[in-house]
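Listed here are the chains, written in short residue letters.
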Amino acid sequence: MIIRKYDENDITQMLALWNNIVEEGVAFPQEEKLNEETAKEFFSGQSYVGVAEDNDKIVGLYILHPNNVGRCGHICNASYAVCESHRGNHIGEYLVKDCMDRAKELGFKVLQLNAVVETNKGARHLYEKLGFMQLGTITKGFRMKDGTYENICPYYIEL
């Protein structure tokens, strides 16, 4: 498996992976699925997009972009996705580490994860293992697909 920058040839696989996470409705804040056109626009609008490729298949990805502007423009934000069939194989860990390296290269000083769902124990364990600090808890900050609300736990790490 390799982690690399995405290219246009990856869009179809990235689109399927992204939309699967959106459809699950338990992690990403987005509710609308992407199509080929909106996916190209969305991914090209990020500061960096990395993909995990295994045997010519995209099994994970991340997006990296500023979290804010101006005096807070040194803080970036990221989202991560791993194919359901490949979860538990440390792909998320490789994606987060690569993302941190790319963020530093791009001049960001802090990586903040805004909406980590409290019940997403795997992601929270990984972030804490890598040195991220939890900023607090936002009660009922995430509306699940079934309409119930879960707490979110923002995390950050200095790069």
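Along each chain, residue indices are assigned from 1 in the same order as the chain's sequence is written. Since the coordinates come from a predicted model, pLDDT governs what is reported: local features require at least 70, and pairs of side-chain atoms require 80 or more to be given and counted, while whole-chain, interface and lining totals use all residues. Hydrogens and waters are ignored; side-chain quantities use all the structure's heavy atoms.

Participant: Can you help me understand the packing of helix α3 (residues 91-105) against helix α4 (residues 121-129) in this one?
Facilitator: In a pair of packed helices, the angle between the axes and the distance between the axes together describe the arrangement. One can describe the packing of α3 onto α4 by two numbers: an axis separation of 11 Å at closest approach and a directional angle of 45°. If you check the angle between α3 and α4, you find them oblique. As α3 packs across α4, the resulting crossing turns out to be right-handed. Contacts from Gly92, Glu93 and Val96 of α3 reach α4 at Leu126, Tyr127 and Lys129. When grouped by side-chain class, the residues that make up the contact of α3 with α4 number three nonpolar, one polar and two charged. Axes here mean lines fitted to C-alpha atoms, for a helix over just the part in contact, with angles spanning 0 to 180 degrees between N-to-C directions. Put simply, DSSP H or I for four residues or longer makes a helix, DSSP E for two residues or longer makes a strand, and each gets a number counted from the N terminus. Comment on the angle field: the value is read as roughly parallel under 35 degrees, roughly antiparallel over 145, roughly perpendicular from 65 to 115, and oblique elsewhere. Left-handed describes a crossing whose near helix is turned anticlockwise from the far helix by less than a right angle; the clockwise case is right-handed. A contact between two residues is defined here by any heavy atoms of the two lying within 4.5 Å. Under the grouping applied here, Gly and all other residues not named as nonpolar or charged are polar, the nonpolar ones being Ala, Val, Leu, Ile, Met, Phe, Trp, Tyr, Cys and Pro and the charged ones Asp, Glu, Lys and Arg.

Participant: Got a minute to help me understand the packing of aromatic side chains in this structure?
Facilitator: Two measures describe an aromatic ring pair: the distance that separates the ring centres and the angle between the ring planes. A pair of aromatic rings is counted whenever rings of Phe, Tyr or Trp (Trp by its six-membered ring) have centres within 6.5 Å, and the orientation is called stacked for planes under 30 degrees apart, edge-to-face for over 60 and tilted otherwise. Enumeration according to the criterion identifies ten aromatic pairs in this entry. Centre to centre, the rings of Tyr48 and Tyr62 are 5.9 Å apart; their planes meet at 25°, and the pair counts as stacked. Note that Tyr48 is positioned in strand β2 (residues 48-54) and Tyr62 in strand β3 (residues 57-66), a separation of 14 residues in sequence. Overall, Tyr62 belongs to the buried group, its relative accessible area being 0%. Type-normalised accessible area, obtained with a 1.4 Å probe on protein chains alone, sets the label of each residue: buried when under 20%, exposed when over 50%, and partly exposed for intermediate values.

Participant: How should I be thinking about the pairing of strand β4 (residues 75-82) in this particular structure?
Facilitator: Two faces belong to every sheet, and in a regular strand the side chains alternate between them. Most of β4 sits out of view: eight of its eight residues are buried. Burial along β4 is two-sided: the residues Ile75, Asn77, Ser79 and Ala81 and Cys76, Ala78, Tyr80 and Val82 are all buried. Two strands qualify as a pair provided DSSP detects at least 2 bridges between them. As defined by bridge partners, β3 adjoins β4 across seven bridges and the pair is classed as antiparallel. Looking at the pairing, Leu61 lines up with Ala81 of β4. Orienting the strands away from the viewer, one traces the path from the first strand over the helix to the second; a clockwise path indicates a right-handed crossover. For the crossover from β4 across α3 to strand β5 (residues 110-113), the handedness is right-handed.

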